[in-house]
Amino acid sequence: TECGPGTFSRGGTAACRECMRGFYQNETGQSHCKQCLPGTYSEPHPLDLAYVDGGSVLTLKPIGATKCLPCAGEDGSKIGLFSSFAASRCVPCPAGTARAGPDPATQFECVPCPRGTYRPGDRELGCIACNVTEHKTTLEQGAGSKDACVCDSGFVRRDDDSNADGFVCDACPVGSKCDAPGLIVPGQPEGYFVMNQSVGGEVKWTVYRCSVDMSFACAETEDPRSGRCFFNRDEATLACSMCLEDHYAYKAECRKCNPGTRAVPAVIFIFGYFGAMLAVYYFCNSAVTKSAAPLLSTSVSFGLMLTALQSLSILGQLSVQWESPWYDIMMIVKLFAFDLEFVQLECIALRMPALTRYLYRALIPMVTILIYLSLYAGSKVICPLFKKTQWQLPGTCNSIGTIWQSMYITISLIALLPFQCYDHPNGDSSISKFPEVICGGDDYGPFLGVGIFTTALYGVGFFALTMYANIIAPVASAKRPKFTMYFRFLFFRFRMDRWYWGQVLFIRSFAIALVPIIGVGRGTLQVVMLTVIAGFFLVLQCVNMPWKTPLLNYSDTAILAMVILIAAGSSVFSEQEASTDGYTGFVMFCFGSGLFVIMCILCHAMATVWQQARGKNKNTKAAAQYGELAKSMGYLLQKLVQLRDNEIMIMLEELGDFDKLTVERFMSMMNHELSLSMSNSKRMSGSKRLSVSGSKTSLAGARINSMAR
């Protein structure tokens, strides 16, 4: 018997039988049925279904299938179903898996869903892709539910009920770390501060950069919600800017306040500063310092030493991560910039606002004036009771000018501090010394107001006053007897033809103070600027030699050279991997050598003052030296008188340019001195020059001679 499709006959003689389920026969006259391949099945006839207890089960009755149907369906979409050999039905793949495609010839099993997709276990269709356009993926392949979708690398999750998935993926904030998928918080690198902040009505993660001084206090952590600040710094303050209660700042760390010595540093600072003010008045206006040598040596040496320390304090303000022992040196010299970190104010008045801490520094120059004026007024009452000399107003003003001039770099730094803003990765910026104050924010207005006022008063106002004094000095010194006593600090240190050099020093100090303001956060740029400024004024110093004594000229030159050396090499500390051992030793030698020279000048000057105060060796050596010089000059003048004009001209032509300039300066100075001597002999025998005595002075001769040339 020839059997038709869907049937078979054993040996060709038996009766035809229908193919069992899982088998099929598409030909006639066959002795057996073919198995359905994996991925296909032979579908049972509905009449072959039997009902048991309300459910349906397939019977084992033959169905006579002529073909096997694909599990994926006619359109190939049901790749979530699979079957083995001789299958009568297809079953769903396990959750998280699916057939790789509809082709039954090549796909025999379920494989894990690729990363970025998922598939529930009861789904007939294939793997579902997470929303790639929203930067969503899965942590690994084989995800079995929609909940497995997370944010991809470089993004961080933010809950959002309006989204179909219940969350959105925000780009990882600049400055944070999102190196792995599935992050719900961005990682915090060292030196940065990651926090949740409301932006445009939405709470998002944002990143602030910690200031250079406190970069090590901002810890590296995978979860910045806790443990993001080191060294006892308060995590609730922006950029770890403040210490915990009952702690004071030291470097990047905060140390526990000592209950027994809370006020000791502040008391030392107050009494030390007050004592320095008294010393300045009595020393600069004392009869002991009326002669040129000790006055110049002592007062100018003090001023040069302060200038050196303030210049180093500028280096501490740069965006450079100093290492020990330089960091410790910078901490000490910061005291000369009125940086009251050393005073440990946190141990006296806990958790002062940033504006209060700034006002403490900004008011010190004004307090200096008030104290001096109070002492001046008090001396009018107290000194007569003890039969002591009362303070004089010119001497008081001279003392104020001396301190302000010596600390002009610091005073300018204080005034410009609110303008020293460094950038954050999120686009905001903070005051470098007070990172918790956002430049342009609500708290910035009072800072800006104080900064503008102090800049106008300290930086511009004092500069304009001294500029005016320099301009009118040639006339005022002759017409107003007390003029040079008020402005003694401005003129006495320099040669007569360079009486204006104090104004050049003001410009130099203000330019140096501007360096930390410009290019905040870019240490290399600041270093280059400081090096160029110091180099420019070093050239001016060497060309003009304005100080009255060679030793002071050499000292100022050494200070500028020291600043250049330290500044030029400080970029080493901005490189994380750079070795600084050799550089540190070299610059420590330069720094120590510079301070050693200044201290030697200072000690020599103090010894001279001490000897003059005791009446020893008074004018003996000077008289002998000047006597020999007078004889030599008289002999030279006699020789010159015997020469003709053309012979002198020939001699001058043979001189070099520098030598000619020296002769010209000598002639100008001697012409001025002779004019003064003749004028004084005709007028008042008691009148004295400006040079160092602090009495009546005239610069007109120098100005006239200069104009004549």
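Relevant structure appears above.
Residues numbered from 1 in each chain as written. Predicted model: local features only at pLDDT ≥ 70, side-chain atom pairs only at ≥ 80, totals over all residues. Heavy atoms only, no water.

### Notes on the pattern of salt bridges
Cut-off, in case you're wondering: Salt bridge, as used here, is a side-chain nitrogen of Lys or Arg placed within 4 Å of a carboxyl oxygen of Asp or Glu. Under the DSSP-based scheme used, a helix requires at least four consecutive residues in state H or I and a strand at least two consecutive residues in state E, with every element numbered from the N terminus. Burial classes: relative accessible area under 20% of the type maximum marks a residue as buried, over 50% as exposed, and values in between as partly exposed (1.4 Å probe, protein chains only).
Applying the stated criterion to the full structure yields 14 salt bridges. A salt bridge links R115 to D152; the shortest N-O distance between them is 3.6 Å. Placement of the pair is R115 in the loop between β12 (110-112) and β13 (117-118) and D152 in the loop between β16 (149-151) and β17 (155-159), with a sequence separation of 37 residues. A relative accessible area of 43% places R115 in the partly exposed class. The shortest N-O distance in the salt bridge between R225 and D223 comes to 2.8 Å. Among the charged side chains, a network of salt bridges with common partners joins E134, K136, K146 and D165.

### Brief notes about helix α11 (residues 501-514)
Stated formally: Under the convention used throughout, the expected extent of a helix is 1.5 Å for every residue step, that is, one less than its residue count.
Along its 14 residues, α11 runs 20 Å from first to last C-alpha, staying within 8% of the 20 Å computed at 1.5 Å per residue. All buried positions along α11 are accounted for by W501, G502, Q503, V504, L505, F506, R508, S509, A511, I512 and A513.

### Notes on the nonpolar core
Basically, it comes down to this: The definition of a nonpolar core used throughout is a set of buried Ala, Val, Leu, Ile, Met, Phe, Trp, Tyr and Cys residues joined through side-chain atoms within 4.5 Å.
By size, the foremost hydrophobic cluster in this structure holds 27 residues, and its most contacted members are Y372, F483, F487, L490 and F491. Elements represented by at least two residues in this core include exactly α1 (264-284), α6 (393-406), α7 (408-416), α8 (444-479) and α10 (488-491). Among the elements that make up this core, the one with the highest residue count is α8 (six residues).

### Focus: a nonpolar patch on the surface
Put simply, the rule is: Every patch collects residues that have over 30% relative accessible area and no salt bridge, joining them within 9 Å if they carry like charges and within 5 Å if they are nonpolar side chains (Val, Leu, Ile, Met, Phe, Trp, Tyr). Throughout, the Shrake-Rupley method with a 1.4 Å probe supplies accessible areas, and for residues the shown protein chains are the sole cover considered.
Judged by side-chain polarity, L652, L655, V663, F666, M667 and M669 come together as a nonpolar surface patch covering roughly 500 Å² of accessible area. If you tally residues by element for the nonpolar patch, the top one is helix α17 (residues 657-682), at four residues. Looking at the secondary structure, you find L655 in the loop between α16 (645-653) and α17.

### Examining the side chain of E436
What counts here: Here a residue-residue contact requires only that any non-hydrogen atoms of the pair lie within 4.5 Å.
By the element assignment, E436 lies in the loop between β24 (429-431) and α8. Excluding residues that lie within four positions of it along the chain, E436 makes contacts with L238, S241, M242, A354 and R357.

Everything listed is a geometric property; what it means functionally is a separate question.
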